[in-house]
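Each chain, written out:
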Amino acid sequence: MRIRNICCIGAGYVGGPTMAVIAQKCPEIDVTVVDINEKRIAAWNDKNVENIPIYEPGLPEVVQEARGRNLFFSTDVDAAIDKADMIFISVNTPTKTYGIGKGMAADLKYIELCARQIARVSKTDKIVVEKSTLPVRTAEALKNILDNTGNGVNFQILSNPEFLAEGTAVDDLMDPDRVLIGGDIDSAKGKEAVDALVNVYAHWVPKSKILTTNVWSSELSKLTANAFLAQRVSSINAMSELCEKTGADVTEVAKAVGMDSRIGSKFLKSSVGFGGSCFQKDILNLVYIAKSFGLHEVADYWEQVIIMNDHQKRRFASNIVSSLFNTVSGKKIALLGWAFKKDTNDTRESAAIYVADYLLNEQAEIVVYDPKVKEEQIFADLDNLNSRSEEENRKRVTVLNDPYEVCRDAHAIAVLTEWDEFKEMDWGKIYKDMLKPAFLFDGRRLLERKTKEEIGFEFYAIGS
Ligand code: UDX
Ligand code: ADP
C-alpha cells in the first residue's frame with residue numbers, strides 16, 4: 001500500500017517539524033497539517049518563513065522548500081481527514097488538572113475529540129497514527145471509538161512515538177537514532193499498515209533503524225525513554241548538591257563517570273532542573289499507570305525523579321535568597337533565559353517559571369530577558385500558576401529585549417537557560433552597572449568561573 005495523502009492533526013512542536021521533514025523527503029506525498037488554532041495556522045502560512053510559530057534551527061529552510069509544493073497548513077480539519085490515507089494525531093496531552101488522576105494522568109480529551117472527528121468524517125479506510133505521547137493502551141481506546149461508527153470504514157491504529165528534542169528537532173528528524181512503529185503486526189491488515197508507514201520513513205531513514213513492535217511496546221518505550229533520560233538529569237543533579245557540600249565539582253564527576261562506556265557521557269549536565277513538555281508529564285503518567293496496577297514500589301521509584309527535580313529548582317532559588325543576606329524583598333533580580341532549554345521558544349515546565357515564582361513570593365522585583373520568548377508568554381506562564389493576581393505579576397515582573405538593560409542596577413543575575421549568547425556578553429560592563437556586591441548565579445554551568453570572579457562577581461554555579 002502506497003501512501004499518497006497524509007493529514008496531521010495538531011500543528012505544534014511535534015506535528016509541525018515532523019510533517020515538514022516528511023514532506024521535504026517525500027515529494028510525491030501530499031502532507032496537510034491542520035489545527036483548530038487559526039492564529040497558529042496563519043503563522044505557519046506566513047509569507048516570511050522566519051515567522052513560523054515555533055523557533056527551531058533549520059526549520060524555516062525545510063518549510064520554505066516544501067510549503068505550497070506538497071506541504072500545506074490549514075484549519076479545515078474535516079477536508080484534510082477526508083482526503084487522507086494516513087492521519088497522524090499530534091495534539092497536546094497535558095497532565096489532567098481536574099478529577100481522577102488530577103496532576104498525574106494524561107488528559108486525553110483532545111485525543112478523543114480527534115478520534116470522534118475522524119470517525120465522523122471518514123468514508124474510506126484510514127491508517128491512524130498516534131504521534132503524541134500517550135499512556136499505554138490508548139491505541140485500544142482509539143480503536144474502540146473508531147470501530148464503533150458503523151460506517152464500514154476500516155481503521156488501523158499505529159503508534160509512532162516522536163523522539164525529537166526541541167532545539168535539535170530538524171537534525172533529530174533527518175538522522176534519527178531509530179524510528180519506532182507499533183502496530184497489530186499479527187494481522188495481515190495491521191502488517192500492511194505498519195509497512196506503509198515504514199515505507200514513508202524509508203525515504204530517508206535506513207531500514208535497519210526502523211523498529212517495528214506491537215502497539216503497547218511502542219507506547220511504553222516512549223515513556224521509558226523519557227523516564228530514563230529525565231532520571232539521568234535528576235541523578236546528576238542529586239550529585240550536584242553533594243558536590244557543593246564536599247568540594248567536588250559536578251562537571252569533573254560527570255566527565256569521569258560518563259567516560260565509562262556502559263554509562264555514556266550524554267545527558268549528564270547538571271542544571272537548575274529539567275523542563276519541557278515531556279519529561280515530567282511522561283513520568284507522572286508512568287507513576288499513574290504503575291499505581292493503577294498496584295505497583296507501588298515501581299511508582300515510588302519513578303516519582304523520586306520528579307521530587308529531585310522540584311528540589312533542584314527550589315534549592316537554586318532559595319540559595320539566591322540566602323546569599324543575598326536572607327532577603328530579596330524589593331531587590332531587583334535579573335533572569336537571563338526563560339525557555340526550558342536553548343534554541344527553542346518553548347517554555348512549558350521551564351525551571352525559570354518556578355524560580356521566578358519562588359523569588360516573587362519572597363517579594364523580589366524580577367526582570368527577564370530571553371532571546372526568543374515573547375513577553376506575553378512569560379506573563380501567561382506566571383499567571384497559570386495562580387500564585388498571585390495578574391496585575392501583581394505585571395507590577396513585579398518586567399520583560400525587556402536588551403540583556404544589558406535587564407542587568408542594570410540588579411542585585412543579582414540568574415542564568416536559567418543556556419543560550420550561547422550569554423557566554424559572549426560583555427560581563428565587565430554588566431558588572432560595572434550592577435549594585436555591589438554583584439551576585440551571579442549560573443543555573444546552567446554555562447559561564448567560566450575564573451573570569452567572572454576576576455571581574456569581581458560573587459559567583460555561584462550549580463554543582464561546585
Ligand atoms: C525530550 C526527549 O529528549 C525527546 O527524545 C522526546 O521526544 C521529548 O522530550 P525535549 O524535552 O525537547 O526532549 O528536550 P531535552 O533535550 O530532552 O531536554 C529536556 C530538559 O532536560 C531541558 O530542560 C534540558 O535543559 C534538561 N537537561 C537535558 C539537563 O538539565 N541536563 C542534561 O544533561 C540534558
Ligand atoms: P506538541 O508539543 O505535542 O506538539 P503543542 O501544544 O505544541 O503540543 O501542539 C498541539 C496542537 O494541537 C495545538 O496547536 C492545538 O491547537 C492542536 N489541537 C488540539 N486539539 C485539536 C483538535 N481537536 N483538532 C485540531 N487541532 C487540535
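Because the structure is predicted, anything quoted here is derived from the model rather than measured. (Residues numbered from 1 in each chain as written. Chains lettered and ligands numbered in written order. Predicted model: local features only at pLDDT ≥ 70, side-chain atom pairs only at ≥ 80, totals over all residues. Heavy atoms only, no water.)

Participant: How would you sum up the overall build of the protein? Please name residues and give values.
Facilitator: In terms of helices and strands, the protein carries 18 helices and 14 strands. Counting only C-alpha atoms and orienting by the principal axes, one finds that the protein spans roughly 75 × 50 × 45 Å. Here the protein holds 464 residues, and the buried ones make up 53% of them. At a minimum sequence separation of 6, the contacts of the protein that also span at least 24 residues come to 76%. Within the structure as shown, the protein displays about 20,600 Å² of accessible surface, and the carbon and sulfur contribution to it stands at 51%. Between the mean site of the 57 positive side-chain charges and the mean site of the 68 negative ones, the protein shows a separation of 1 Å. (Helix = DSSP H or I, 4+ residues; strand = E, 2+ residues; numbered from the N terminus. Buried < 20%, exposed > 50% of the residue type's maximum accessible area, 1.4 Å probe, protein only. Contact = heavy atoms within 4.5 Å. Areas by Shrake-Rupley, 256 points an atom, 1.4 Å probe, with all protein chains shown as cover. Lys, Arg positive; Asp, Glu negative; His and termini not counted. Charge placed at Lys NZ, Arg CZ, Asp CG, Glu CD.)

Participant: So what's going on with the UniProt feature "active site" (unreviewed entry) in the protein? Residues and values would help.
Facilitator: Those residues carrying the UniProt feature "active site" (unreviewed entry) are C278 in this numbering. With respect to the secondary-structure elements, C278 resides in the loop between α10 (250–258) and α11 (279–292). Residue classification places C278 among the partly exposed positions, given a relative accessible area of 25%. (UniProt positions renumbered as here; feature names shortened; annotations may be inferred.)

Participant: Explain the site of ligand 2 to me, using residue names and the numbers behind them.
Facilitator: Y13, V14, D35, R40 and R348 are the nearest of the 15 residues found near ligand 2. R40 places a side-chain nitrogen or oxygen 2.6 Å from an oxygen atom of ligand 2. Looking at the shell around ligand 2 residue by residue, the class counts come to 7 nonpolar, 5 polar and 3 charged. (Near = heavy atom within 4 Å. Polar contact = N/O pair within 3.5 Å; in protein donor to acceptor, adjacent residues only side chain to side chain. Nonpolar A, V, L, I, M, F, W, Y, C, P; charged D, E, K, R; others polar.)

Participant: Summarise a nonpolar patch on the surface; cite the residues concerned and give the values.
Facilitator: Residues F293, L295 and V298 make up a contiguous nonpolar surface patch of about 300 Å² in total accessible area. Overall, F293 belongs to the exposed group, its relative accessible area being 62%. (Patch = residues over 30% accessible without salt bridge, like charges linked within 9 Å, V, L, I, M, F, W, Y side chains within 5 Å. Salt bridge = Lys/Arg side-chain N within 4 Å of Asp/Glu carboxyl O.)

Participant: Before we move on, could you go through the packing of helix α9 (residues 215–246) against α11 and cite the residues and values that matter?
Facilitator: Between α9 and α11, whose axes approach to 9 Å, the crossing angle comes to 115°. Read as a crossing pair, α9 and α11 show a hand that is left-handed. Residue-level inspection shows L220, K222, L223, N226, A227, L229 and A230 of α9 in contact with α11, the latter providing F279, D282, I283, N285, L286 and I289. Residue composition of the contact of α9 with α11, by class: 9 nonpolar, 2 polar and 2 charged. (Axes fitted to C-alpha atoms, helices over the stretch in contact; angles between N-to-C directions. Left-handed = near helix turned anticlockwise from the far one by under 90°.)

Participant: Can you tell me about the site of ligand 1, naming the residues and giving the values?
Facilitator: With respect to spatial proximity, 20 residues lie near ligand 1, and among them F163, E166, S271, K341 and R444 are the closest. The contact in question runs from a nitrogen atom of ligand 1 to an N or O atom on the backbone of K269, over 2.8 Å. One nitrogen or oxygen atom from the side chain of R444 is found 2.7 Å from an oxygen atom belonging to ligand 1. Contact with the protein chains hides 90% of the accessible area of ligand 1, taken as 660 Å² for the molecule alone. For the shell around ligand 1, the residue count by class is 11 nonpolar, 3 polar and 6 charged. Both domains that furnish three or more residues to the shell around ligand 1 are identified here as domain 1 (5–213) and domain 2 (217–464). (Domains from an automatic or database assignment.)

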